[in-house]
Each structure stands twice: as structure tokens, then as C-alpha cells.
Amino acid sequence: MREAKRKGSSRTGRCRSNVRMMGYQRWLRSVRGNLATFYMTYPNNSEWNARSFTGVIVSAGKDHVVIQDEATGRTELLLYRNLDYVTIDLIF
């Protein structure tokens with residue numbers, strides 16, 4: 001007889017989280033080169049709790065995305081753990 005899966009297993013929760021992150025990474029890689037705005041939240045920061053970054057997607061890693069501001073040439077490394085949502089201006 002098959003063993004029943006345990007509910008609430010930390011291993012299962014970790015796996016789902018990794019799949020979700022891989023989805024972000026894959027999706028951001030597929031739209032690389034497009035202009036995007038990333039809306040981030042930084043808890044426990046009194047100077048700026050919420051901030052947005054706009055730039056062209058340069059690369060997407062396991063836990064981060066790199067964007068470059070076209071106007072200034074500034075490059076930003078943004079962590080997914082602070083990411084709220086993304087808007088993208090698709091170029092076809």
C-alpha cells in the first residue's frame with residue numbers, strides 16, 4: 001500500500017517556492033531587453049519603505065534581476081524577496 005503524503009511538510013513548501021521563483025526567472029529572461037518597472041518594498045526602512053525602479057532588463061538570476069536605466073546608464077541589482085510586482089513595456 002502506498003504511504004500517504006504528510007501535509008505541511010517543509011520539503012513540499014520549499015519545492016513550491018522554488019518553482020514559483022523559477023517561474024519569475026524564466027519569465028523575466030523571456031522578456032529581456034524590454035523596459036520594465038519593478039515595484040519593491042523594503043520593510044523596516046524609515047527613509048523609503050516602497051520604491052520603484054525603471055530600466056531595461058539585462059539579466060535574471062536565481063534570486064535577482066539586473067536592470068539598466070537608459071537615461072543615466074546606471075545598473076541596478078534587485079532581489080526578488082523585495083519584489084511586489086512588475087510592469088513591462090513589451091517591444092515586438
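Source: prediction; values computed, not measured.

### A few points about the confidence of the model for the chain
For the chain, the average pLDDT comes to 81, and 75% of its residues sit at 70 or higher. Confidence drops under a pLDDT of 50 for residues 5-17, and excluding neighbours within four residues, the segment shows zero contacts in the predicted structure.

### Things to note about the nonpolar core
In this structure, Leu 28, Phe 38, Ile 57, Val 65 and Leu 78 are the most contacted members of the largest nonpolar core, which totals 16 residues. Secondary structure elements with two or more residues in this core: β1 (35-41), β2 (50-60), β3 (64-68) and β5 (83-89). The residues contacting Val 65, other than those within four sequence positions of it, are Leu 28, Phe 38, Ile 57, Ser 59, Ala 60, Glu 76, Leu 77, Leu 78 and Tyr 80.

Parameters and conventions
Residues numbered from 1 in each chain as written. Predicted model: local features only at pLDDT ≥ 70, side-chain atom pairs only at ≥ 80, totals over all residues. Heavy atoms only, no water. pLDDT = per-residue confidence, 0-100. Contact = heavy atoms within 4.5 Å. Core = buried A, V, L, I, M, F, W, Y, C linked by side-chain atoms within 4.5 Å. Buried < 20%, exposed > 50% of the residue type's maximum accessible area, 1.4 Å probe, protein only. Helix = DSSP H or I, 4+ residues; strand = E, 2+ residues; numbered from the N terminus.

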